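Fold and geometry: a report
So you can see what is in the structure, the chains are spelled out below.
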Amino acid sequence: MSLVKVLELVRKFRKTDKATPLVLMGYYNPIHAYGTARFAKDAADAGVDGLITVDLPPEEDEVLRLPAAAQGLDIVRLATPTTDAARLASVLDGAGGFLYYVSIAGITGTKSFTESDVRAAVVKVKAASGLPCVVGFGIRTPEQAAEVAAFADGAVVGSAIVERLAASGDKAGRVRDTLDFCASLAQSVHSARR
């Protein structure tokens with residue numbers, strides 16, 4: 001999958017849905033190779049709302065943040081269990097859209113989070129930022145998504161969806177299973193937010 005193809009998917013999606021926020025998450029190198037200013041313009045023109053660039057820290061993201069801001073794209077930043085107050089101030093400076101709280105220290109899909117620790121961290125982050133705060137990493141089930149949605153502004157499920165798409169079996173069955181799983185996640189989150 002290339003950035004050109006991703007932006008084409010966004011354009012196709014935007015033909016039928018202009019309201020759902022779209023945030024692209026990835027690494028800076030493909031954006032750099034594409035041309036940062038060109039990418040920011042093309043992403044905004046396609047209908048992207050924000051960017052999460054996981055390997056571009058706040059101290060170095062001006063190269064993307066400024067062209068993105070000129071195109072109206074939010075730069076979504078990440079906070080982690082090891083983010084102290086001083087680091088959080090750096091993370092929030094220039095952040096937009098929402099803050100992504102990484103619930104575990106480690107690799108996504110390999111550990112689970114502790115609800116009380118994540119809840120306390122989200123309260124702290126929201127008080128410091130005023131931005132909505134979503135939680136990701138370690139959320140694999142509708143029950144875990146609902147648990148997080150009870151105190152955060154959203155829950156991110158990635159690895160569990162990717163695993164379903166990569167499972168063996170026919171493509172139509174994998175797609176149907178993945179869509180059913182996503183529907184169960186959404187239903188759990190909406191129920192928890194009521």
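All residue numbers here refer to positions counted from 1 along the written sequence of the relevant chain. Where totals are concerned, whole chains, interfaces and linings use all residues; where local detail is concerned, this predicted model gives features only for residues with pLDDT of at least 70, and gives and counts side-chain atom pairs only at 80 or more. In computing side-chain properties, one takes all heavy atoms of the structure into account and sets aside hydrogens as well as water.

1. Re the overall build of the protein
Across its full length, the protein carries 9 helices and 7 strands. Note on method: radius of gyration uses C-alpha positions; expected globular size equals 2.2 Å times residues raised to 0.38. Taken against the 2.2 N^0.38 rule, which gives 16 Å for 194 residues, the C-alpha radius of gyration of the protein at 17 Å falls within 12% of a compact globule. Seen along its three principal axes, the alpha-carbon backbone of the protein occupies a region of about 45 × 40 × 30 Å. With 194 residues in all, the protein has 40% of them scored as buried. Here the contacts in the protein between residues at least 6 apart in sequence split such that 58% fall between residues at least 24 apart. Numbering of helices and strands runs from the N terminus; a helix is a DSSP stretch of H or I covering at least four residues, while a strand is a stretch of E covering at least two. Partly exposed describes any residue whose relative accessible area lies between the buried limit of under 20% and the exposed limit of over 50%, with all areas from a 1.4 Å probe on protein chains only and scaled to the type maximum. Working rule for contacts: check all heavy atoms of both residues, and any pair within 4.5 Å makes them a contact.

2. Comments concerning the environment of serine 103
Locating serine 103 in the fold gives a position in the loop between strand 5 (99–102) and helix 6 (115–129). Judged by relative accessible area, which is 7%, serine 103 ranks as buried. Between the C-alpha atoms of serine 103 and glycine 138, which are 35 residues apart in sequence, the distance is 6.9 Å. Pairs of N or O atoms within 3.5 Å make up the polar contacts considered here, provided that, within protein, one atom can donate a hydrogen while the other can accept it, and that residues adjacent in sequence are counted only when both atoms are side-chain atoms. In terms of polar contacts, serine 103 uses its side chain to reach the backbone carbonyl oxygen of phenylalanine 137, at 2.3 Å.

3. Describing the sheet that holds strand 3 (residues 74–75)
Whether two strands pair depends on DSSP finding at least two bridges between them. Pairing within the open sheet is parallel, and its 3 strands lie in the order 1-2-3. Because the sheet does not close on itself, it has two edges, and the strands there are strand 1 (23–26) and strand 3. Both strand 1 and strand 2 (residues 50–53) contribute to a ladder of 4 bridges, which runs parallel. Bridge pairing in strand 2 places glycine 26 opposite threonine 53.

4. What about the environment of glutamate 163?
Residue position: glutamate 163 is located in helix 8 (residues 159–166). Taking the C-alpha atoms as reference, glutamate 163 lies 21 Å from glutamate 147; in sequence the two are 16 residues apart. A distance of 2.4 Å separates a polar atom in the side chain of glutamate 163 from a polar atom in the side chain of arginine 140.

5. Some words on the layout of surface pockets
Throughout, the protein atoms alone are placed on a 1 Å grid, and a set of points is a cavity if a 1.4 Å probe fits but cannot get out or a pocket if it is open with protein on both sides within 12 Å along at least five of seven lines; lining residues have an atom within 4 Å of a point. Grid points are joined across faces, edges and corners, and a volume is the space filled by probe spheres set on the points. For the second largest pocket, the calculated volume is near 290 Å³. Forming the walls of the second largest pocket are 18 residues, and the residues nearest its centre are Val54, Leu56, Pro57, Pro58 and Leu78. Among the elements of the structure, strand 4 (77–79) and helix 5 (85–92) are those that each provide at least two residues to the lining of the second largest pocket. A total of 3 residues in the lining of the second largest pocket trace back to one element, the largest contributor, which is strand 4. Asp, Glu, Lys and Arg are counted as charged, while Ala, Val, Leu, Ile, Met, Phe, Trp, Tyr, Cys and Pro are counted as nonpolar; the rest, among them Gly, fall into the polar class. Tallied by class, residues from the lining of the second largest pocket come to 11 nonpolar, 3 polar and 4 charged.

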